[in-house]
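Analysis of the macromolecular model
Residue-level listing of the chains:
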Amino acid sequence: MAIHRVGVAVFVLVATAILAAESEPNQVESEKLQDVSGEAVFSDAEGGFKTGDGASITVPGQAEAPPHPVETGQADSAGRRVSIEVGSDRVKQPVADEELENLQAEFDLQDAPQQSEPVPTPRDHFAEELVIRPLLSGDIYTSFQFRTRWDTDLHRGKKVSHYRLFPKSLGQVISKFSVRELHISFTQGFWRTAQWGQPLLSAPPGAELWVWFQDSVADVDGAWRELTSVLSGIFCASLNFIDSTNTVQPSASFKPMGLGNVTEQRFLRYAVLPREIVCTENLTPWKKLLPCESQAGLAVLLKSEKLFHSSYHSQAVHIRPVCKDTACRETSWELSQTLGIVFDLHASGQSKREWSLFKMFSRTLTEPCPLASSSKVYVDVTDNPLGEELFDLSPAVSLQTQAVVLGDRRTFTVYDLLTPEPYGPTRSLNILLKWRQQDSVDMQRPVLHTERYVSGYGLQTGEINTLLYNSHPFRAFPVLLMETVPWYLRLYIHTLTVQSKGKENKPSYIHYLPSKDRQRPHLLEMLVQLPPHSVTKVTVQFERALLKWTEYTPDPNHGFYVSSSVVSAMVPSVVAMDTNSTEGRPLFTTLFHSTEESSYFMRVYSEPLLVNLPTPDFSMPYNVICLTCTVVAVGYGSLYNLLTRTFQVEEPSGGLTKRLANVIRRLRGVPAL
């Protein structure tokens, strides 16, 4: 048996050396072979061989030098190194008996540990999270967070052709248009701040797009036009309707969220399409940007039929440069895809306050995304500390964590999908929340929120009213208000008033860029100090313009939309904010990095406005056309017939009656008529 194994090993050695010499003479590749007895034989990097039981084989001696020698060998336990050189031709000399004895003697020697080549660390990483927050109104808020980080540079002129996790379509957009940051969102519905509190990430109704370009871009407007057309095709949206009439350059409202404190506002472009309708054709390309798409991981829950049968739906894509490590010596590109949904208790047809993953999404979780380095589900149990006050949560897990979210410390139950514990024996995770109380509970109003409406009568003038609420009992803080008004609402900026608690509140900073008819909209930015526990009212009057009949929409009586107001502020925090590195923290807490311990950044949006303009009676042309055609057909047609007809006089001929009368007269013998 030993001789048989030795013979097989020698045969494998010779065959492997010949193949290696024919392919690449100076290298020996590691490969796995199978002998006739079923025992695996491995070739290591040093040229020695190992059998399936772990024994090592080395071949002493040396053959004649071939034209292209290949040296293989391995150090034995005594430190000796033996080798054999094999050429491209087959070895024709048989192995001597003494060589077999020497080979058998060294067959039982133990080799040194095999040194394998280090596996290169991947330069991109993917993580996914799902946050479930039960709302006190009985509704439930779910937020998906998908983050892809890529350690590369797309702006140094080096063409990147290999994409692993980062979407190639977005990577090419960043390189071609020299994009520093890109933020785009599609939202259906309006976030009810007074009932639901603050979302993890706010977005206005419709489509919102704001982009920071590199300072190397010479024609920013041209790059902006091309970029909107490309993104319109990627996301199957109407972003190609973004033009100069709805694009502005904010001076202070939108700062970069990533690295770099850019002050050149000419490289910033911001636009909103408040009438954009979000549907399945926008969700499908958004899901295709994920590494696992919707085949595995948390993305399997993204079923269009359920997502759009909700009170609120907002999907967004954020691209920005971030620090690669804590020292920030190198940068990485971060792609964050967020999706927020609010399932309404009554709209979903629920007879009782009971939610589960299957009831919300018609699916359960069975496995994480195989490309994800982290896959977790967070359930907010802050309002249910003992697990028996408001709702029951199942399956129960012991892992909990705390995180500071929007200035408040929240407690979360964590389901780690990379471990088998959450799935249970059924290999399926279906989180169930069942309320003990069937009545809604009043929730505390958020510290900062805003409202907006139009007042006035008639179709000539009106007034825009914006209300800013500061619910903090004793802290005052400044807010930055940005209003974007279309050109056909002509603002009277001298009528601008700001009042807090019945007194005038003079803004400390005002930036106003007047509109140009059919060229650009109004842009108004102001910094206002909000007193504690107060309501600040900002009003400005406007006059409606009369459009050309070709500028009206197909449904002009529906009205014209005005984009939401944007309120940015550093809101006082209840607890100390963490200003350290974001590594290791949940994804939903790292989008806005905190630079101060006593406050946190927040951006909120108001409702979009629906304004009626002086609209002509578009049914009048139809009535006029019908009346005119009738007059032409009846009046002019008859006259034209009389003028062009030719009249001829013909002798009257006997008719049928006369012929019948003559027949009767002949039968009676009377002369014919």
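Just above sits the structure.
These lines cover the structure that appears in this document, whether it is placed above or below. Not measured: the values here are computed from a predicted model.

Thresholds, definitions, all that
Residues numbered from 1 in each chain as written. Predicted model: local features only at pLDDT ≥ 70, side-chain atom pairs only at ≥ 80, totals over all residues. Heavy atoms only, no water. Helix = DSSP H or I, 4+ residues; strand = E, 2+ residues; numbered from the N terminus. Buried < 20%, exposed > 50% of the residue type's maximum accessible area, 1.4 Å probe, protein only. Contact = heavy atoms within 4.5 Å. Areas by Shrake-Rupley, 256 points an atom, 1.4 Å probe, with all protein chains shown as cover. Polar contact = N/O pair within 3.5 Å; in protein donor to acceptor, adjacent residues only side chain to side chain. Core = buried A, V, L, I, M, F, W, Y, C linked by side-chain atoms within 4.5 Å. Pairing = 2+ DSSP bridges. Axes fitted to C-alpha atoms, helices over the stretch in contact; angles between N-to-C directions. Phe/Tyr/Trp six-rings, centres within 6.5 Å; stacked < 30°, edge-to-face > 60°. Arc of directions from axis to C-beta. Disulfide = S-S within 2.5 Å. Parallel < 35°, antiparallel > 145°, perpendicular 65-115°, else oblique. Nonpolar A, V, L, I, M, F, W, Y, C, P; charged D, E, K, R; others polar. Salt bridge = Lys/Arg side-chain N within 4 Å of Asp/Glu carboxyl O.

For the chain, the helix and strand inventory stands at 10 helices and 32 strands. Residue burial in the chain is summarised as follows: out of 673 residues, 47% are buried. Expressed as a percentage of contacts within the chain between residues at least 6 apart in sequence, the contacts between residues at least 24 apart total 73%. Counting only carbon and sulfur atoms, one obtains 53% of the accessible surface of the chain, whose full area is about 35,300 Å².

Below, the discussion takes up helix α6 (residues 280–288). For α6, the full list of buried residues reads Asn 282, Leu 283, Pro 285, Trp 286 and Lys 287. Close packing links the buried residues of α6 with β8 (140–150), α5 (220–235), α7 (304–307), β13 (312–323) and β14 (331–343).

What follows deals with the side chain of Thr 539. Positionally, Thr 539 belongs in strand β28 (residues 534–544). For Thr 539, a relative accessible area of 8% corresponds to the buried category. Within the structure, Thr 539 has its side chain in polar contact with the side chain of Thr 497 (distance 2.3 Å). Once you skip the residues sitting within four places of it in the chain, Thr 539 turns out to touch Glu 463, Ile 464, Asn 465, Thr 495, Leu 496 and Thr 497.

As a rule of thumb, soluble globular proteins bury nonpolar side chains together. Within the largest apolar cluster, 89 residues are counted, with the highest numbers of intra-cluster contacts made by Phe 144 and Phe 213. Apart from the residues within four sequence positions on either side, Phe 144 is in contact with Glu 129, Leu 130, Leu 298, Leu 301, Leu 302, Gln 337, Thr 338, Leu 339, Ile 341 and Phe 361. Of all hydrophobic cores here, the second largest spans 17 residues; its members include Leu 448, Val 498, Met 526 and Val 528.

The subject of this paragraph is the sheet that holds strand β17 (residues 391–394). Reading across from one edge, β15-β20-β17 is the order of the 3 strands in this open sheet, with antiparallel pairing throughout. Both edges of this open sheet fall to β15 (354–356) and β17, since each of them pairs with a single strand only. The sheet shows a mean angle of 10° between the axes of neighbouring strands, taken without regard to direction. Note: β15 against strand β20 (residues 432–435), 3 bridges, orientation antiparallel. Note that in β20 the partner of Ser 356 across the bridge is Leu 432.

With that settled, consider the packing of aromatic side chains. What the rule picks out here adds up to 20 aromatic pairs. Note on Trp 150 and Tyr 163: the rings are 5.0 Å apart at their centroids and 55° apart in plane angle, and the pair reads as tilted. Of this pair, Trp 150 sits in strand β8 while Tyr 163 is found in the loop between β8 and α3 (168–177), placing the two residues 13 residues apart along the sequence. Both residues of the pair, Trp 150 and Tyr 163, belong to the buried class. Through successive ring pairs, a cluster of aromatic residues spans Phe 126, Phe 144, Phe 146, Trp 286, Phe 343, Trp 355 and Phe 361.

Time to look at α3. Turn by turn, an α-helix covers 3.6 residues, leaving residues three or four places apart pointing in a common direction. Within the sequence span of α3, burial applies to Leu 170, Gly 171, Val 173, Ile 174 and Phe 177. Burial along α3 is one-sided: seen end-on, the buried residues are contained in an arc of 160°. Two residues or fewer after α3 comes Ser 178, characterised by a positive phi angle close to 55°.

On inspection of all chains with the given rule, the structure shows 1 disulfide. Its sulfur unpaired, Cys 629 is 6.9 Å from the next cysteine sulfur, which belongs to Cys 626. Residue class for Cys 629 comes out partly exposed when judged on its relative accessible area of 47%.

A pair of packed helices is captured by two measures, namely the crossing angle of their axes and the spacing between those axes. Where α3 contacts α5, the axes come no closer than 11 Å and their chain directions differ by 175°. With respect to each other, α3 and α5 are oriented roughly antiparallel. Note on element contacts: α5 touches α3 through Ala 223, Glu 226, Leu 227, Val 230 and Ile 234, opposite Ser 169, Val 173 and Phe 177. Here the contact of α3 with α5 is composed, by residue class, of 6 nonpolar, 1 polar and 1 charged.

This part covers the sheet that holds strand β30 (residues 566–572). Sheets are built from strands that pair by backbone hydrogen bonding, the pairs being arranged parallel or antiparallel. Taken together, 5 strands build an open sheet; the order of strands is β26-β27-β23-β30-β31 and the sheet is antiparallel. The outermost strands of the open sheet, each flanked by one partner alone, are β26 (509–513) and β31 (599–605). Across this sheet, the average inter-strand angle for adjacent strands is 15°, counted without regard to direction. Of the strand pairs in this sheet, strand β23 (residues 477–485) and β30 are connected by 4 bridges, and their pairing is antiparallel.

Here the focus is the pattern of salt bridges. Tallying each qualifying case throughout the model produces 13 salt bridges. Here Glu 334 ties to Arg 149 by a salt bridge, and the two come within 3.0 Å at their closest N and O atoms. Residue Glu 334 is located in strand β14, and its partner Arg 149 is located in strand β8; the two are separated by 185 residues in the primary sequence. With respect to burial, Glu 334 and Arg 149 carry one shared label: buried. A salt bridge links Glu 354 to Lys 359; its shortest N-O distance comes to 3.5 Å. Under the relative-accessibility criterion, Glu 354 is labelled buried at 12%. Classification of Lys 359 by relative accessible area gives partly exposed; the value is 32%.

Residue placement: Ser 304 occurs in helix α7. Those residues in contact with Ser 304 that lie beyond four places of it in its chain are Thr 280, Leu 283 and Lys 287.

Let us now look at the environment of Arg 320. Within the secondary structure, Arg 320 sits in strand β13. Classification of Arg 320 by relative accessible area gives buried; the value is 5%. For the pair Arg 320 and Ser 336, spaced 16 residues apart in the sequence, the C-alpha separation amounts to 8.7 Å. A distance of 3.0 Å separates the side chain of Arg 320 from the backbone oxygen of Met 257, its partner in a polar contact. Here Glu 334 takes part through its side chain, which lies 2.9 Å from a polar atom of the side chain of Arg 320.

A few words now on the pairing of strand β7 (residues 124–134). By the criterion of burial, β7 is predominantly enclosed, with 10 of the 11 residues buried. Note that β7 and β8 share 11 bridges and pair antiparallel. What sits directly across from Asp 124, in β8, is Trp 150. Following β7, the chain reverses through 5 residues before pairing antiparallel with β8; Gly 138 in that reversal takes a positive phi of roughly 100°. The pairing of β7 with strand β16 (residues 374–380) spans 6 bridges and is parallel. Each residue of the ladder has a partner; that of Ile 132, found in β16, is Val 379.

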